[in-house]
Structure formats: C-alpha cells, structure tokens
Amino acid sequence: MFIKPFKVKSNNQLKGTERKRLCEEILQAFPKLKDEEVQNLLKKKDAISVMKIVTHSGSVVKVYCTAKIPMFLHFDLPNLHGYFPTIYTLWQHPELMYNFTTRSVVISKLSSGADLMLPGLVLDGPATFHSFGKMQKGTPVSINTDDNKAPFAVGITALSSEDMYMSGGRGKCVEIIHVIGDCLCQLLDKPVIRPELGKSIKDFNTSVDSITDELKKESLSEKGTNKDGGKLSDDDLEIKLSPSNDDSLQIEIPCSNEKSPIEENSNEIVDENESTNMEENKDPVQEMDKLLEYCFLKGCKMSIKKGDLPMLTSNFFKNHVMAVCPPGQTLDIKKSSYKKVSVFLSKMKEKGLVDTSVLKGVESLLAIKTNHPLLQNLVINEEIPIKQQELSTAPVIAECYKVTANVVPLLSLFGFEKGDIMKRADIRKCFTDYVKKENLQNGKIIKINPQLAGILKTKESQETLTMEDGINKFIGKMTHTHGVTVGGTTSFFTGKLEPIEITVTTRTNNKKVTLVNNLEIFGIKMEEFSKECQGIGASATITDVPGKKTPSVLVQGNQVLYVFKLLTEKYQINKNYIKGMEFAPKKKK
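For clarity, every value in this text was computed on a predicted model and none was experimentally measured.

**Observations concerning the sheet that holds strand β18 (residues 396–402)**
Here's step 1: Reading across the sheet, the four strands line up as β19-β18-β23-β24 and stay open at both edges, with antiparallel pairing between neighbours. Single-partner strands in this sheet number two, and they are β19 (421–423) and β24 (489–494). Averaged over all neighbouring strand pairs, the angle between strand axes comes to 40°, with direction disregarded.
Here's step 2: Where strand β23 (residues 479–486) lies against β24, six bridges are found, and the strand directions are antiparallel. Across the sheet, V484 pairs through a bridge with S491, a residue of β24.
Here's step 3: Its contacts with the sheet place helix α13 (residues 424–437) against β18 and β19, and it is angled at close to 85° to β19.

Here you go:
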C-alpha cells in the first residue's frame, strides 16, 4: 500500500486529551499490550502527531507518529478497519500479532510490491491442520524470517487458515500492507536498521514439503480402497523389494501418468535444492574472478569513452567496472584472487587490454585497446535494463490554505475537516457549489445568508457581496500555508515561505565565512549539502547561528557564487527563493 509515494493531507500534533484517547483505543485494539507498554510507545515527553495521508490508490490512512517515527496506522476502509502496528512497534513487541515466517531472500520481493505466497512459508515441523493458526480471511498478521524473529512486514491473510492448509501449498497467503523500505519508512530522517532478535525457527520444513507429505499419506490411504469401499486385493497391489540395503518393502499402486500439482511443486523444490547444491560446490574465488573480468570488459566496451581518458584507476573501477555489475550480483575484488585493483590491471596490461602509468604513487588508466579480441568477442549476458524515470529532485512549491474552525461549517459539507490542506482552486469550487446549491447567486452578486454572514463576519446592514470578494474573504479566514514537494513527499509550512538565505560574515582572525540557512524547508539535507561544498576544497560544517530557528551550513571563505550555482543547478531551486546574492564578491575591473 505504501510502496508508491503518497501525499500528506494534514499533519497535526496531538493534544493531551487526544493522546489519552489514542492510548485507550490502542489498549482495546491490542489486549496483549499492558498500559505501561502503551505509555512507553507513546511517551509524554515525545511529540505525538497524526498524519492524514492519501495513498497512490486514493485510500485515506491516518499515521500516528512518536518523535517522527510511525508507530500505528488507522484504516477506515471496506476491507481494512481499525489500528495496525508498524514494523517499528513490532520490533519492540514482536509477539503482538500472529507471525508467519519466511526466508530472508523473500524480503526483496515483498519490498518490490509482491504479496507473500504459500510456497514461501517456513513452518516449525511438519504441516498439520493448525499449522497456519486459527484465523479467518482478512486477519491482521506480521511476517518475520527464520533467521530473525523481528518482523519486517505487516498485512492481512488472503485466505482462512483452513483454506491455506487445503490449498496444498499453492496460492496467496498474506496481502502486504506495510513492508520495510517502503515510502512509510522514508518518513524517518535516517534509516533504522532491523534489529537482531534471534532465530524464529530452529528446525523447519517448508510448507510445500510438509503439506505434500501429508497429502501423499492421505492419497495412499484413499488409493488403498477399491471403488466399492473395500480393501484392494493382492492382485491390485504389486509388492517388490527395494534395491536399498535395508530390504524395505515398496508398494506400487497402479495410477495414471498425470502428476498432481502437489507432486509437480515438490519436484520443482527438489530441482531447486539440487541446483543450489551445485552452485555451492563452485569455487567462490574463481566465480568472483570471472565476474570481475566480465565487468571489466563490459565497462571498457559500453561505459567508458575515449574522451574520458586518462583517468585515475580508482575512479575507473568505481564508476565503470562496479557500476555495470549484473543485477542480483555483488562485485568484491577482495574476494577474488587479485585482492587489489592494481594487481588486476597489471594482469590486464599483460594481456594487452589497457595501458597504465604510475606517477607519484598514483596509478592512472591511459588507454584501452578497443580492437582487442576479448573486447570484440564479448557477449553481454544480461539485458540492459530500461532506466525508469526518476522522481525529480526539484522542489515544487504550491500555495495552500489550512481549514480553520471558522470555515469548517461550509467545507464540512464537501468532506473536509479542520486541519486539512486545500488549494485555492478547490476552495473556490466548494464556495461556488455552496452558493449555487443555496440559490444565493445573481450574476456576479451573491446574497449573504446567516451562515455566510457568520463565516465572513460581515456587517449586519450588508446583504450582498460580489463573488470575487466573497471568495477572497472566505479564503482570508483560512491559514495561509505553503506545500513543498520533493521526490513525491510533500511538507507543509504555515505562513510566509522563508527563502534560502546566504550571508557572509567574519570570524576569528578576520576570516570570511559563508552561512546558508533554511535548506531543510526545500528538502535539502544539510549533511549532504555540506559534503557537496567540500568539493571546492573548503571545509564545511553545520552550526547553530544566534537568532536563527534552524541550524546553518558554514563554508570557509566567500563562497556565495558557488553555493548559488550548487542550489540552482544540482538542487534545481528557483532563484526567486534564494536571498543574499548581494554578498557575492565583486568582479575586479
């Protein structure tokens, strides 16, 4: 549900009474939690806020956050209703919900938007009728892995427990709502690493294996009777000694040549296990050598251009060899027989593929022999992925208005609540529809009824108003807000939007420094920006400036022109939202 970016409709901090009511509702929704445990999750000293978001599919969800960490979700949808914990809450209380267990390799699939299928389940022992719990379809559950019982996803059951067992290990198990790495997790300033809470299962069998065994036993018992319900005679059964050393008996029952879906699925798992064993027998050093040579040839043929040379070998390896590694594989030169880039390139130089030189201990790549047979005969094994259109990093600024108590009586008729964010066009449409519905419009003039008079605070003697004046007065009763959208995430700021402010001041020893403030309003992370500023050889740090509400980035020297170029070109900030160009150094005549 949160794989694709969502829009933040409102974000309000809870009052004391609202927080108390939330704690009571959480206790009712999750009886396993004690009152003191809920108080620890929703601490009084931390700011608790509720975000109303609109998902990519148009569903409205409330997200309750503690210190900007999403802790609980609240749904009011036909197929989803009530409170759900996020993975951050489940890391503190992993047994809060019924847990399904899968393997670690499945995490990447679920993080890409897939649902958990029954063949991906891991069970503690052979499958029985109650191995899947005693749940109805649509029951909230969490998902962990066999090597770590810290849940990484939350969802609802796609089938009842009985249907899961009877499906024979085929079909959907859990419909995923929230998973680690989705856009909900990106609300945090820094990614939180999934904790290690120990193994969830020690001795396990996959559900497909165990269900297959159970159904085979049932099949044998059923095939052990004839059509009339009696036991098969000796003529119907063919008994043979097995060729194994224990001389155990095997009973072969005549049946059709067609394989059941369970048997086919079981054979597929056996084949996968055999192929896995073959891969494990391969020498990892030789495999890494092959991958390294393949990536080197691929980078030389497809990535690098003649104009790029000469180039430092470290940059070449990072930007042109590692960058073309096939998806799903990891290139690590330390796990190869070469161990170092210089040793590998000297080997390639012996083969006549490249020409390198060393100056003052720094190695550079001078030329690549593009007519070499190894490059000419190189065959690319994988398809070149089509680059998906990346989300623009340029901030989009929109003028918005927050619904206040004054205008709620009118806007509530159109489904809006106090604290909701609206654009001017939407407000205008609601106001116009209200006027038409109440038959108050006469050309460009509107009559003022008691409800409008209470909202607009007009004089008692005033009975009419122009449509434009009415709309402007109505909007004037709302809180002026600005929405800043960066990478699909929108943040709202009340009042006038403060521009990015660049100033130059002097510090100790009369040295000039450049201060940049209000970066975070435009979605720019100060740590990343300070590192960018170090690219010109000047030190940059984050510091608190007296009189400023937020920290500033301090850059050594007068770097106004460089900062302005960085903001407009890399971060695509409109120059109208940058203040302080008068501090730029004057050009010498």
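There's plenty left to go through after this.
**Some thoughts on the sheet that holds strand β21 (residues 445–447)**
Sheet strands associate in pairs through backbone hydrogen bonding, adopting either a parallel or an antiparallel arrangement.
Here's step 1: Here three strands make up an open sheet; going across it, the order is β20-β21-β22 and the pairing antiparallel. Edge positions in the sheet fall to β20 (441–442) and β22 (464–466), since each of these pairs with one other strand and no more.
Here's step 2: Bridge count between β21 and β22: three bridges; the pairing is antiparallel. From the neighbouring strand, I446 faces β22, where its bridge partner is L465.
Here's step 3: Lying on the sheet, helix α15 (residues 467–476) is in contact with β20, β21 and β22; it crosses β22 at an angle near 90°.

**Some points on the pattern of salt bridges**
Here's step 1: Scanning the model with the defined rule gives eight salt bridges in all.
Here's step 2: Two residues, K172 and D115, come together in a salt bridge whose shortest N-O distance is 3.2 Å. Here K172, found in strand β11 (residues 172–179), pairs with D115, found in the loop between α4 (106–111) and β7 (116–117); they are 57 residues apart in sequence, far enough to count as distant.
Here's step 3: Residue classification places K172 among the partly exposed positions, given a relative accessible area of 33%.
Here's step 4: A salt bridge links K429 to D433, with the nearest nitrogen and oxygen atoms 3.1 Å apart. Taken together, the residues span about one helical turn, with K429 and D433 both in helix α13 at a distance of four residues.

**Thoughts on the confidence of the model for the protein**
Here's step 1: Here the protein shows a mean pLDDT of 80. Residues at 70 or above account for 83%.
Here's step 2: Least confident of the elements in the protein is strand β13 (residues 238–241), whose mean pLDDT is 34; most confident is strand β9 (residues 140–145), at 93.
Here's step 3: pLDDT under 50 marks residues 222–280. Its contacts with residues more than four places away, or in other chains, come to 46 contacts.

**Some details on the side chain of T356**
Here's step 1: With respect to the helices, strands and loops of the structure, T356 is situated in strand β16 (residues 354–359).
Here's step 2: Those residues in contact with T356, other than ones at most four positions away along the chain, are K349, E363, S364, L365 and L366.

**Concerning the packing of aromatic side chains**
Aromatic ring pairs are reported here in terms of the distance separating the ring centres and the angle at which the planes meet.
Here's step 1: Overall, the coordinates contain 12 aromatic pairs when judged by the stated rule.
Here's step 2: With 6.0 Å between their ring centres and 45° between their planes, Y64 and Y83 make a pair best called tilted. Of the two residues, Y64 is situated in strand β3 (residues 60–66) and Y83 in strand β5 (residues 81–85); the sequence distance between them amounts to 19 residues. One exposure class covers both Y64 and Y83, and it is buried.
Here's step 3: Between Y338 and F344, the ring centres sit 5.1 Å apart and the planes meet at 80°, which makes this aromatic pair edge-to-face.

**A word on the packing of helix α8 (residues 284–303) against helix α10 (residues 341–350)**
Geometrically, a packed helix pair is captured by the angle between its two axes and the distance between the axes.
Here's step 1: Where α8 meets α10, the axes come as close as 12 Å, and the angle between the chain directions of the two elements is 65°. Taken together, α8 and α10 sit at an angle that is classed as roughly perpendicular. Crossing hand, α8 versus α10: right-handed. Of α10, the residues touching α8 (which contributes L292, E293 and F296) are F344, L345 and M348.

**Re helix α9 (residues 313–321)**
Here's step 1: Within the span of α9, buried status applies to T313, F316, F317, H320 and V321. Viewed end-on, α9 has its buried residues packed into an arc of 110°, placing them on one side of the element.
Here's step 2: Along its buried surface, α9 packs onto α8, β15 (311–312), α10 and β17 (362–368).

**Overview of the pairing of strand β25 (residues 500–506)**
Here's step 1: In this structure, β25 lies alongside strand β29 (residues 578–579), joined through two bridges in parallel fashion. Bridged to I500 within β29 is I578.
Here's step 2: Two elements, β25 and strand β26 (residues 512–517), share six bridges in a ladder whose sense is antiparallel. Considered in β26, the bridge of T505 is made with V513.
Here's step 3: Linkage of β25 to β26, two consecutive antiparallel strands, is achieved through a turn of five residues, within which N509 is found at a positive phi near 60°.

**Some details on the side chain of H178**
Here's step 1: With respect to the helices, strands and loops of the structure, H178 is situated in strand β11.
Here's step 2: The exposure class assigned to H178 is buried, which follows from its relative accessible area of 1%.
Here's step 3: In this structure the side chain of H178 is engaged in a polar contact, spanning 2.9 Å, whose partner is the side chain of D182.
Here's step 4: Discounting chain neighbours no more than four positions away, the residues touching H178 are F2, L73, T86, I87, F152, A153, V154, L184 and C185.

About the cut-offs
- Residues numbered from 1 in each chain as written.
- Predicted model: local features only at pLDDT ≥ 70, side-chain atom pairs only at ≥ 80, totals over all residues.
- Heavy atoms only, no water.
- Pairing = 2+ DSSP bridges.
- Helix = DSSP H or I, 4+ residues; strand = E, 2+ residues; numbered from the N terminus.
- Axes fitted to C-alpha atoms, helices over the stretch in contact; angles between N-to-C directions.
- Contact = heavy atoms within 4.5 Å.
- Salt bridge = Lys/Arg side-chain N within 4 Å of Asp/Glu carboxyl O.
- Buried < 20%, exposed > 50% of the residue type's maximum accessible area, 1.4 Å probe, protein only.
- pLDDT = per-residue confidence, 0-100.
- Phe/Tyr/Trp six-rings, centres within 6.5 Å; stacked < 30°, edge-to-face > 60°.
- Parallel < 35°, antiparallel > 145°, perpendicular 65-115°, else oblique.
- Left-handed = near helix turned anticlockwise from the far one by under 90°.
- Arc of directions from axis to C-beta.
- Polar contact = N/O pair within 3.5 Å; in protein donor to acceptor, adjacent residues only side chain to side chain.

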